[in-house]
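Descriptive analysis of the structure
Spelled out from the first residue to the last, the chains are:
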Amino acid sequence: MKVLIVEDEPNVASFIARGLAEAGHEPHMVHTGKEGLSLASSEPFDAVVLDLILPDMTGLEVCHQFRDRKGYDTPVIMLTALGSTEDVVKGLQTGADDYLVKPFKFRELLARLEAHNRHRKAHYGADALKVGDLEIDTFRRIVRRDGQLIRLTAREYELLVYLMRHAGGVVSREAILASVWGMDWDVETNVVDVYINYLRNKVDKPFPSKLIQTVIGMGYILTEEEIG
Ligand code: CA
C-alpha cells in the first residue's frame, strides 16, 4: 500500500511511517494540510492517514476537500487526540472512513488500513500493478509513469498488463502471442516485436530508464534492473 500520512507531530508521523515501511508498505509523510492536498492530487495513494489538528487547516477541512474532488475515494483514517464523540462524528460526516484516538497501537492502525484497502479492492474487483515508477490502475485502465498519463491502444494495454503481471521474469514471444493475441506460435508473425516496439516508444523512450528489455534468444522482461 502507498499511504499518505498528513501529520504535523514529527514523532507520530515517523512512528507511523517506520511501522508501515517495516510492514512492506510505502509511506509518504507531509506535515500540513496544503501539502497533503497537493500530493494527493499529483499521485495516487491507497490510503490516507490524516491528523485532525494541523498547523494550516483542520483534518476535517482537508478531508472535505479530498471528497469534493470527483472520484477521490481513497480511504481516509483520521487521527484524533481529542476522542470526543463530536469530533469523531464530524470526521465521519466529512467523508473519513475510520478514526483512531491517540495514542493508538500501530498494529491497530495497520489492521484498519489493510481492512479498508481489502474492502476497496473487493469493491472494484481490481488491483493496481506497479513496477518502479510505472503504474497501472486496472480498474480504470489508467497507465502512468512518473505520474504522467500514458495513452495506449487496447492491444498495447493488454500487452503491458501481461508484462507487468510477469514482471521480473522472462516471457517468451510464444507465451505473449498465446496470452495476448490468442494465437499459436506456428503462425508466422512478428506482431509481438512490432507491439513491443510501440510500447517502448510510449512507456520507455520518454524516460531515463528502460523497463522493457530484450533477452536475446529468449524473449522479453519487464524489470527495473539493468539486464546485461
Ligand atoms: Ca496535530
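Residues numbered from 1 in each chain as written. Predicted model: local features only at pLDDT ≥ 70, side-chain atom pairs only at ≥ 80, totals over all residues. Heavy atoms only, no water.

Counted according to the given criterion, the structure contains 4 aromatic pairs. Arranged with centres 6.1 Å apart and planes meeting at 50°, the rings of F15 and F104 form a pair that is tilted. Here F104 lies in the loop between β5 (98-101) and α5 (106-124) and F15 lies in helix α1 (residues 10-22), a separation of 89 residues in the sequence. Ring centres 6.1 Å apart and planes at 80° place the aromatic pair F15 and F106 in the edge-to-face group. Of the two residues, F15 sits in helix α1 while F106 sits in helix α5, which places them 91 residues apart along the sequence. F15 gets classed as partly exposed once you look at its relative accessible area, which sits at 31%. One cation-aromatic arrangement involves K2 over F45; the distance from NZ or CZ to the ring centre is 5.0 Å. (Phe/Tyr/Trp six-rings, centres within 6.5 Å; stacked < 30°, edge-to-face > 60°. Helix = DSSP H or I, 4+ residues; strand = E, 2+ residues; numbered from the N terminus. Buried < 20%, exposed > 50% of the residue type's maximum accessible area, 1.4 Å probe, protein only. Lys NZ or Arg CZ within 6 Å of the ring centre and 35° of its normal.)

With that out of the way, let us pick up the sheet that holds strand β12 (residues 219-222). The antiparallel open sheet is built from 3 strands, whose spatial order is β10-β12-β11. At either end of the open sheet lies a strand with only one pairing partner, and these are β10 (170-171) and β11 (212-215). Sheet topology note: the β11/β12 ladder contains 4 bridges and is antiparallel. If you follow T214 over to β12, its bridge partner there is Y220. Here helix α6 (residues 154-165) sits on the sheet and contacts β10, β11 and β12; the angle it forms with β12, its principal contact strand, is near 75°. (Pairing = 2+ DSSP bridges. Contact = heavy atoms within 4.5 Å. Axes fitted to C-alpha atoms, helices over the stretch in contact; angles between N-to-C directions.)

Restricting attention to buried positions, one finds in helix α2 (residues 33-42) the residues G33, G36, L37, L39 and A40. Tucked inside the fold, the buried residues of α2 contact β1 (2-6), β2 (26-30) and α3 (59-68).

What follows covers the nonpolar core. Nonpolar side chains tend toward joint burial in soluble globular proteins. Counting 28 residues, the largest nonpolar core has L160, L163, I176 and L222 as its most contacted members. If you list the elements that add at least two residues to this core, you get β6 (128-131), β7 (134-137), α6, α7 (173-181), α8 (191-204) and β12. Counting residues per element, this core draws most heavily on α6, at 7 residues. Filtering out sequence-adjacent residues up to four positions away, L163 remains in contact with V171, I176, I196, L199, I212 and L222. (Core = buried A, V, L, I, M, F, W, Y, C linked by side-chain atoms within 4.5 Å.)

Another point: unusual backbone geometry. Cis geometry marks the peptide bond from K102 to P103, where omega comes out at -5°. With a phi close to 50°, D146 is a non-glycine residue in the positive phi region. Mapping D146 onto the fold places it in the loop between β8 (142-145) and β9 (148-150).

Right, let's get into empty space enclosed by the protein. Considering all chains together, one arrives at 1 cavity of 30 Å³ or more under this definition. Its volume calculated, the largest cavity comes out at about 50 Å³. Around the largest cavity sit L52, M78, T80, D87, V88, G91, L92 and Y99, which together line it. Among the secondary structure elements, those contributing two or more residues to the lining of the largest cavity are β4 (76-80) and α4 (85-93). (1 Å grid on protein atoms, 1.4 Å probe; cavity = no way out; pocket = protein on both sides within 12 Å on 5 of 7 lines; lining within 4 Å. Points joined across faces, edges and corners; volume = space filled by probe spheres on them.)

Nonpolar side chains collect at one region of the surface, where L92, Y99 and V101 lie side by side and expose about 210 Å² of accessible area between them. Its location among the elements puts L92 in helix α4. On the basis of relative accessible area, L92 is assigned to the partly exposed category, the value being 38%. (Patch = residues over 30% accessible without salt bridge, like charges linked within 9 Å, V, L, I, M, F, W, Y side chains within 5 Å. Areas by Shrake-Rupley, 256 points an atom, 1.4 Å probe, with all protein chains shown as cover. Salt bridge = Lys/Arg side-chain N within 4 Å of Asp/Glu carboxyl O.)

As a further point, take the packing of α7 against α8. Between α7 and α8, whose axes approach to 10 Å, the crossing angle comes to 80°. Here α7 lies roughly perpendicular to α8, going by the angle between them. The residues of α8 that touch α7, namely those facing R173, I176, L177 and W181, are V191, V192, D193 and Y195. Taken together, the residues of the contact of α7 with α8 sort by class into 6 nonpolar, no polar and 2 charged. (Parallel < 35°, antiparallel > 145°, perpendicular 65-115°, else oblique. Nonpolar A, V, L, I, M, F, W, Y, C, P; charged D, E, K, R; others polar.)

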